[in-house]
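Here is how the chains run, residue by residue.
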Amino acid sequence: MVMSRDEVFEKVKDVLVDALSVDDDEIKPEATLMRDLGAESIDFLDIVFRLEKAFEIKVPREELFPAENILNSSELVSDGKLTEKGLAELRERLPHTDLTEFEKDPDVNKLADLFTVEAIVNFVDNKINAN
Amino acid sequence: MRWIWIDKFIEFRSGESAVAVKNVTLAEEHLHDHFPGFPVMPETLCIEAMAQTAGILVGEAKNFEEKVILAKIKKAVFFDYVKPGDTIELHAKIDSITPEAAGTSGKIIRSDKLIAEIDLMFSHIDQNLAGKKFPKENFVFTGTLESLLRDVLLSSASSIKEGKEQH
């Protein structure tokens, strides 16, 4: 399946509108799933299931939303901030996400802001157009 | 005591789909107030009936070893009232299932007429992301379910074996 990035965005938008009961115009590339769109933890799984169906792909959950495992490790988190090792781990697990801003102050509370609409579009775009 | 809101299963395909039946009666006291002179089954309780049907289907798929909790109502659309005397069929299907959760889609049908479409998500709460701990005992699936599944098990070659729900 070859899709343009705009087509991927439109389809991701439909998924998020349905999964989070938000309006079309709230889905902007820079919108964060939790803060801007009100997603809760179960919504992330709902989004994964819906993406799999909409794009006919397999989405191992830790690939798209891998931060939870990082939070549980004392080696990767210290004083509420990601350590150098934690950041390296995050970079490896989120190759589709721009971490430049986050790295300036790697507060774990800001991890949620990394899950943007754009990050999902990047992920899906990569997944379907790489195959 | 568990609050059971479906009467029995009439079809059960392990890990795939199930159909349960509920008979609605004016002996259910809440119908006297909902509404006086116009008794209709509350739509929230239609969702509960679907949650029990789909929840047992999801639980059986993992041999009743997981604690299956309703986590999200993805969709609930109603096309007609359910009234005393009605027999409703709850058709549930597993769309996705992972170690952490499951998504189901369902239809409520009365005499071949579509009454509602209800899609749900369930969490396997011992696998929760926050690492929270819950009591070891499976408080979701207790022996009470046996009677619901008994008839359908006798009449079909379902994969459920006796005693699994005792875990």
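Residues numbered from 1 in each chain as written. Chains lettered and ligands numbered in written order. Predicted model: local features only at pLDDT ≥ 70, side-chain atom pairs only at ≥ 80, totals over all residues.

1. Notes on the overall build of chain B
Thought 1: A count of helices and strands for chain B gives three helices and six strands.
Thought 2: Buried positions account for 32% of the 167 residues belonging to chain B.
Thought 3: If you take every contact in chain B between residues at least 6 apart in sequence, the share linking residues at least 24 apart comes to 67%. (Helix = DSSP H or I, 4+ residues; strand = E, 2+ residues; numbered from the N terminus. Buried ≥ 20, exposed ≤ 12 C-beta atoms within 10 Å, placed from the backbone. Contact = placed C-beta atoms within 7 Å.)

2. As for the overall build of chain A
Thought 1: Along its length, chain A carries seven helices and two strands.
Thought 2: Counting helices and strands in the order they occur from the N terminus, chain A gives α-α-α-α-β-β-α-α-α.
Thought 3: A compact globule built from 131 residues should have a C-alpha radius of gyration of about 14 Å, and chain A, at 15 Å, falls within 12% of that.
Thought 4: Across its three principal axes, chain A shows a C-alpha extent of roughly 40 × 30 × 25 Å.
Thought 5: Within chain A, the fraction of its 131 residues that count as buried is 27%.
Thought 6: Within chain A, counting contacts between residues at least 6 apart in sequence, those at least 24 apart form 57% of the total. (Rg over C-alpha atoms; globule rule 2.2 N^0.38 Å.)

3. Regarding helix α1 (residues 5-20) of chain A
Residue and element names in this part refer to chain A.
Thought 1: Helix length check: α1 (16 residues) gives 22 Å between terminal C-alpha atoms against 22 Å at 1.5 Å per residue, within 8%.
Thought 2: Along α1, the residues that are buried comprise Val8, Val12, Lys13, Val15, Leu16 and Ala19. Axial view of α1: buried residues confined to an arc of 165°, hence all on one face.
Thought 3: In this fold, the buried residues of α1 make contact with α2 (41-55) and α7 (117-130).
Thought 4: The first or second residue beyond α1 is Ser21, which carries a positive phi of 50°. (Expected span 1.5 Å × (residues − 1). Arc of directions from axis to C-beta.)

4. Looking at the domain arrangement of chain A
Thought 1: Partitioning chain A into domains gives domain 1 (1-58 + 115-131) and domain 2 (66-111).
Thought 2: Distance from the C-alpha centre of domain 1 of chain A to the C-alpha centre of domain 2 of chain A: 22 Å. (Domains from an automatic or database assignment.)

5. With respect to the interface of chain A and chain B
Frequently, the measure chosen for interface size is the accessible area that the parts lose on association.
Thought 1: Counting residues at the interface gives nine residues for chain A, matched by 13 residues for chain B.
Thought 2: Of the residues belonging to the side of chain A that touches chain B, the class tally is three nonpolar, two polar and four charged. (Nonpolar A, V, L, I, M, F, W, Y, C, P; charged D, E, K, R; others polar.)

6. Brief notes about the nonpolar core
Thought 1: Within the largest apolar cluster, 57 residues are counted, with the highest numbers of intra-cluster contacts made by Val12 and Leu16 of chain A together with Met50, Leu90, Ile108 and Phe122 of chain B.
Thought 2: At eight residues, the largest contribution of residues to this core is made by helix α2 (residues 43-61) of chain B.
Thought 3: For Ile108 of chain B, the residues in contact, after removing those within four places along its chain, are Cys46, Met50, Ile88, Leu90, Ile115, Ala116 and Ile118 of chain B. (Core = buried A, V, L, I, M, F, W, Y, C linked by C-beta atoms within 7 Å.)

7. Comments concerning the sheet that holds strand β4 (residues 87-97) of chain B
All names here are of chain B.
Thought 1: With respect to topology, six strands assemble into an open sheet ordered β1-β2-β4-β5-β6-β3, the strand pairing being antiparallel. Single-partner strands in this sheet number two, and they are β1 (8-13) and β3 (68-78). Neighbour-to-neighbour, the strand axes of this sheet turn through a mean angle of 20°, independent of strand direction.
Thought 2: Pairing analysis gives eight bridges linking β4 to strand β5 (residues 101-110), with the strands arranged antiparallel. Directly across from Ile94, in β5, lies its bridge partner Thr104.
Thought 3: Contacting β2 (17-23), β3, β4, β5 and β6 (113-124), α2 crosses the sheet at an angle of about 50° to β4. (Pairing = 2+ DSSP bridges. Axes fitted to C-alpha atoms, helices over the stretch in contact; angles between N-to-C directions.)

8. What to know about the confidence of the model for chain A
Thought 1: When the pLDDT values of chain A are averaged, the result is 86; 94% of them are 70 or greater.
Thought 2: α1 of chain A holds the highest mean pLDDT among the elements of chain A, 95, whereas helix α4 (residues 67-71) of chain A holds the lowest, 69. (pLDDT = per-residue confidence, 0-100.)

9. Here we look at the packing of α1 of chain A against α7 of chain A
All names here are of chain A.
Thought 1: Axis separation between α1 and α7 bottoms out at 9 Å; the angle between their running directions is 125°. What the angle tells us is that α1 and α7 run oblique. At the point where α1 passes α7, the crossing takes the right-handed sense. Residues Arg5, Val8, Phe9, Val12 and Leu16 of α1 form the contact with α7, whose own contacting residues are Val117, Ile120, Val121, Val124 and Asp125.
Thought 2: Here the contact of α1 with α7 is built from residues that sort into eight nonpolar, no polar and two charged. (Parallel < 35°, antiparallel > 145°, perpendicular 65-115°, else oblique. Left-handed = near helix turned anticlockwise from the far one by under 90°.)

10. Points about unusual backbone geometry
Thought 1: Here the residue pair His34 of chain B and Phe35 of chain B is connected by a cis peptide bond, since its omega of -5° sits within 30 degrees of zero.
Thought 2: Mapped onto the elements, Phe35 of chain B comes out in the loop between α1 (30-33) and α2.

11. Some points on α2 of chain A
Thought 1: With 15 residues, α2 of chain A ought to run about 21 Å at 1.5 Å a step, and its terminal C-alpha atoms sit 22 Å apart, in line with that.
Thought 2: Taken together, the buried positions of α2 of chain A are Ile42, Asp43, Phe44, Leu45, Asp46, Ile47, Val48, Phe49, Arg50 and Leu51 of chain A.

12. Re the packing of α1 of chain A against α2 of chain A
To describe two helices that pack against each other, one gives the angle between their axes and the distance between the axes.
All names here are of chain A.
Thought 1: For the pair α1 and α2, the least separation of the axes is 10 Å and the interaxial angle reads 140°. When the axes of α1 and α2 are compared, the pair comes out oblique. Where α1 crosses over α2, the two elements pack in a sense that is right-handed. Every residue of α2 that contacts α1 at Lys11, Val15, Leu16, Asp18, Ala19 and Leu20 is listed here: Asp43, Asp46, Ile47, Arg50, Leu51, Ala54 and Phe55.
Thought 2: When the residues that make up the contact of α1 with α2 are grouped by side-chain class, the tally is eight nonpolar, no polar and five charged.

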